[in-house]
Amino acid sequence: MKLWLLIASFGMLSSASFNSYAELNGQNIALNCFNCHNPKPAANSAIPSLTGYSQQRLQQALLDFKYDKTNATLMPRIAKAYSDAEISAVAAYLSQQ
Ligand code: HEC
């Protein structure tokens, strides 16, 4: 019985640390953004490419979406799914693209 508990809690610990690594990987997070934000959008695309922004500008835009400081359709929901640390990581990654 005790052995099963040990195995179960080890499994929970190791998956938790794996997840927190994945969440703070800016590139992994950015892959979700590229579903809508094509890095090379068509000329008539309503959704902008995320290239050419500074880290600070991206981070502030995402925080404004997350904390409802900007009116928008989709982004407030998406930004709420990320911690402030994840927002910082994805902004850092995207600003270098
Ligand atoms: C489901 C589609 C979708 C996904 C996924 C998505 N976005 Fe957006 N994004 C939009 C839309 C639509 C807008 C226009 C604002 C609005 O209506 O929400 C936008 C606007 C933005 C803007 C503002 C651009 C500007 O110049 O005003 C930024 C910055 C942004 N998104 C960043 C991101 C980041 C970073 C991610 C990934 C974490 C992401 N988006 C994921 C659809 C999406």
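Residues numbered from 1 in each chain as written. Predicted model: local features only at pLDDT ≥ 70, side-chain atom pairs only at ≥ 80, totals over all residues. Heavy atoms only, no water.

Student: Just checking my understanding: could you explain the nonpolar core for this structure?
Tutor: Nonpolar side chains tend to gather and get buried jointly when the protein is soluble and globular. Ranked by internal contacts, the top residues of the largest apolar core, which has 15 residues, are Leu50, Leu58, Leu62, Phe65, Ile87, Val90 and Leu94. Those elements that provide at least two residues to this core are helix 2 (26-33), helix 3 (55-66), helix 4 (75-80) and helix 5 (84-94). (Core = buried A, V, L, I, M, F, W, Y, C linked by side-chain atoms within 4.5 Å. Buried < 20%, exposed > 50% of the residue type's maximum accessible area, 1.4 Å probe, protein only. Helix = DSSP H or I, 4+ residues; strand = E, 2+ residues; numbered from the N terminus.)

Student: Just checking my understanding: could you explain the pattern of salt bridges for this structure?
Tutor: Close approach of charged atoms allows side chains of opposite charge to pair. Tallied over the entire structure, the rule returns two salt bridges. For aspartate 84, the salt bridge goes to lysine 66, with nearest N and O atoms at 2.7 Å. Of this pair, aspartate 84 sits in helix 5 while lysine 66 is found in helix 3, placing the two residues 18 residues apart along the sequence. The class for aspartate 84 is partly exposed, based on a relative accessible area of 36%. In this structure, the salt-bridge partner of aspartate 68 is lysine 80, at a minimum N-O distance of 2.9 Å. Residue aspartate 68 is found in the loop between helix 3 and helix 4, and its partner lysine 80 is found in helix 4; the two are separated by twelve residues along the sequence. (Salt bridge = Lys/Arg side-chain N within 4 Å of Asp/Glu carboxyl O.)

Student: Explanation requested: the coordination of the iron atom of the ligand in the structure shown.
Tutor: Each pair of donors in an ideal octahedron of six around a metal sits at 90 or 180 degrees, and each pair in an ideal tetrahedron of four sits at 109.5 degrees. In the first shell of the iron atom of the ligand, the protein supplies His37 (NE2) and Met75 (SD), at 1.9 to 2.2 Å from the metal. Around the iron atom of the ligand, the six donor atoms are arranged such that angles at the metal cover 84 to 178 degrees; this shape is classified as octahedral. In this pair, histidine 37 is assigned in the loop between helix 2 and helix 3 and methionine 75 in helix 4, connecting sequence segments 38 residues apart. Across the pair, exposure class does not vary: histidine 37 and methionine 75 are buried alike. (Donors = N, O, S within 2.8 Å, 3.2 Å for Na, K, Ca; no water. Tetrahedral: all angles 85-135°; square planar, octahedral: opposite > 155°, others 65-115°.)

Student: Sorry, what's going on with the packing of helix 3 against helix 5 here?
Tutor: Each packed pair of helices is defined by two parameters, the angle between the axes and the distance between the axes. Running from N to C, helix 3 and helix 5 cross one another at 145 degrees; their axes reach a closest spacing of 8 Å. In the packing of helix 3 onto helix 5, the handedness of the crossing is right-handed. For the pair helix 3 and helix 5, the contacting residues are Gln55, Leu58, Gln59, Leu62, Leu63 and Lys66 in the first and Asp84, Ile87, Ser88, Val90, Ala91, Ala92 and Leu94 in the second. (Axes fitted to C-alpha atoms, helices over the stretch in contact; angles between N-to-C directions. Left-handed = near helix turned anticlockwise from the far one by under 90°. Contact = heavy atoms within 4.5 Å.)

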